[in-house]
Amino acid sequence: MSGRPILVITLNPALDVTYPVATLRPGDSHRVTSRLSERAGGKGINVAQVLHRAGRPVLVTGVVGGDVGARITTDLDVAGIPQRLVRCADSTRRTVTVVETDRAHRATVLNEPGPTITGAEWSSVVDRVTQLLPDVGAVVLTGSLPRGLAPTTYRELVSLARAAGRPTVLDTSGPALTAALEAGPTLVKPNADELAEAAGAGETSAAAARLREAGAATVVASLGAEGLLALTRDGLWRARPGLRVEGNPTGAGDACVAALADGLHHGHALLPTLERAVSWSAGAVAAPTAGEVDPVTAARVAELVSVRREPVTGTWTGDAGSGNDDGSTWWD
């Protein structure tokens, strides 16, 4: 199915508004140092943009509304990213990011809550996803849920994808993540905080094991500058970048999801998939805005990434020691 697009489902997209300032001082007035940026964003849109810029076929669906939603649709059309978005009555949200140019591009983000989705609108989204699933190769479900949708929303969508025989990559948090585990997503990608929230405090690999026991086939935890931890049925791996990259980390997790979905979609072994996920994430940190990957940084990190298998400790059920040292069956 490698010629088919990756379907990205984004239920709470946003218009990303970025203000560059020298230094953010709470309670003070600021002069914006250059023109503000307005562009389609949110986690799902960022994933789609990374895949599209990398030359991978991608298709976006989800829900948008109001003038902000129309702007997002237009931005995707202008970028050449195919979309089958569903319209809702309420307005899509904006996110406002203040980037401090004098402090290594430290970012402060304000996230609006998003629209309220009605039952009829949600039924339209389910119908649209059901129509699209036969013609896609893999499914990415990412981001927060807008108001009006239950924590079981992603569980329903993962179940639809599984029934259609399509692998899934899930990147969300809180009750939406824990509820979806029951449906058996192929891969979940929490960050360290989201992993602790979902699985409880403790050693990272043990927390990842608890998510696997709850239903996820593979858990890839993003650990910021420390890289990635991946737990599959075959064992535990850590991928480290070998180089610290300064910049704006806002879109790094989305670039990671894009690389993981690409590897899953094409049936690539785990090790090269993790290497690409780390290098794309680093390239996203060095890029000026989320949804982009700096190719020079990504290429430099790709030469330095180390992926090492580690012994599994704590409670874990799997086939460690089965001989799949490249993680060649992690997508099964």
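Above this text you will find the structure in question.
The notes below deal with the structure included here. (Residues numbered from 1 in each chain as written. Predicted model: local features only at pLDDT ≥ 70, side-chain atom pairs only at ≥ 80, totals over all residues. Heavy atoms only, no water.)

### Focus on helix H10 (residues 295-302)
Reasoning step 1: Regarding H10, the residues found buried are Thr297, Ala298 and Val301. One side of H10 carries all its buried residues, which in axial view fall inside an arc of 100 degrees. Relative to its buried face, H10 has exposed residues pointing more than 90 degrees away, namely Pro295 and Val296.
Reasoning step 2: Buried residues in H10 make contact with helix H9 (270-286). (Buried < 20%, exposed > 50% of the residue type's maximum accessible area, 1.4 Å probe, protein only. Helix = DSSP H or I, 4+ residues; strand = E, 2+ residues; numbered from the N terminus. Arc of directions from axis to C-beta. Contact = heavy atoms within 4.5 Å.)

### Some remarks on the environment of Glu100
Reasoning step 1: Structurally, Glu100 is set in strand S6 (residues 93-100).
Reasoning step 2: Look at Glu100 and you get buried, because its relative accessible area is 0%.
Reasoning step 3: Through-space distance from the C-alpha of Glu100 to that of Leu59 is 33 Å; in sequence the pair is 41 residues apart.
Reasoning step 4: Aside from chain neighbours lying at most four places away, what touches Glu100 is Val21, Ala22, Thr23, Leu24, His105 and Arg106.
Reasoning step 5: Within the structure, Glu100 has its side chain in polar contact with the backbone nitrogen of Leu24 (distance 2.8 Å). (Polar contact = N/O pair within 3.5 Å; in protein donor to acceptor, adjacent residues only side chain to side chain.)

### Quick word on the sheet that holds strand S3 (residues 37-41)
Reasoning step 1: The strand order across the open sheet built from four strands is S3-S2-S6-S7, with neighbouring strands paired in mixed fashion. Both outer strands of the open sheet, S3 and strand S7 (106-111), are each paired with one neighbouring strand and no more. Geometrically, the sheet is characterised by an average inter-axis angle of 25 degrees between neighbouring strands, direction not taken into account.
Reasoning step 2: Sheet topology places S6 next to S7; six bridges connect them, and they run antiparallel. Each residue of the ladder has a partner; that of Thr95, found in S7, is Asn111.
Reasoning step 3: Contacts from helix H1 (residues 43-53) reach strand S2 (14-21) and S3 within the one sheet, and its direction differs from that of S3 by about 90 degrees.
Reasoning step 4: Sheet contacts for helix H2 (residues 66-79): S2, S3 and S6; angle to S3, the most-contacted strand, approximately 80 degrees. (Pairing = 2+ DSSP bridges. Axes fitted to C-alpha atoms, helices over the stretch in contact; angles between N-to-C directions.)

### Some details on the pattern of salt bridges
Reasoning step 1: The full count for this structure, using the stated rule, is 14 salt bridges.
Reasoning step 2: Across the pair Arg25 and Asp28 runs a salt bridge, and its minimum N-O distance is 2.9 Å.
Reasoning step 3: Ionic pairing is found between Lys43 and Asp254, a salt bridge with its closest N-O pair at 3.1 Å. With Lys43 in helix H1 and Asp254 in helix H8 (residues 252-266), the pair connects residues that are 211 residues apart, well separated along the chain.
Reasoning step 4: By relative accessible area, which is 30% here, Lys43 ends up partly exposed.
Reasoning step 5: Relative accessible area serves as the criterion here: at 3%, Asp254 is assigned to the buried category. (Salt bridge = Lys/Arg side-chain N within 4 Å of Asp/Glu carboxyl O.)

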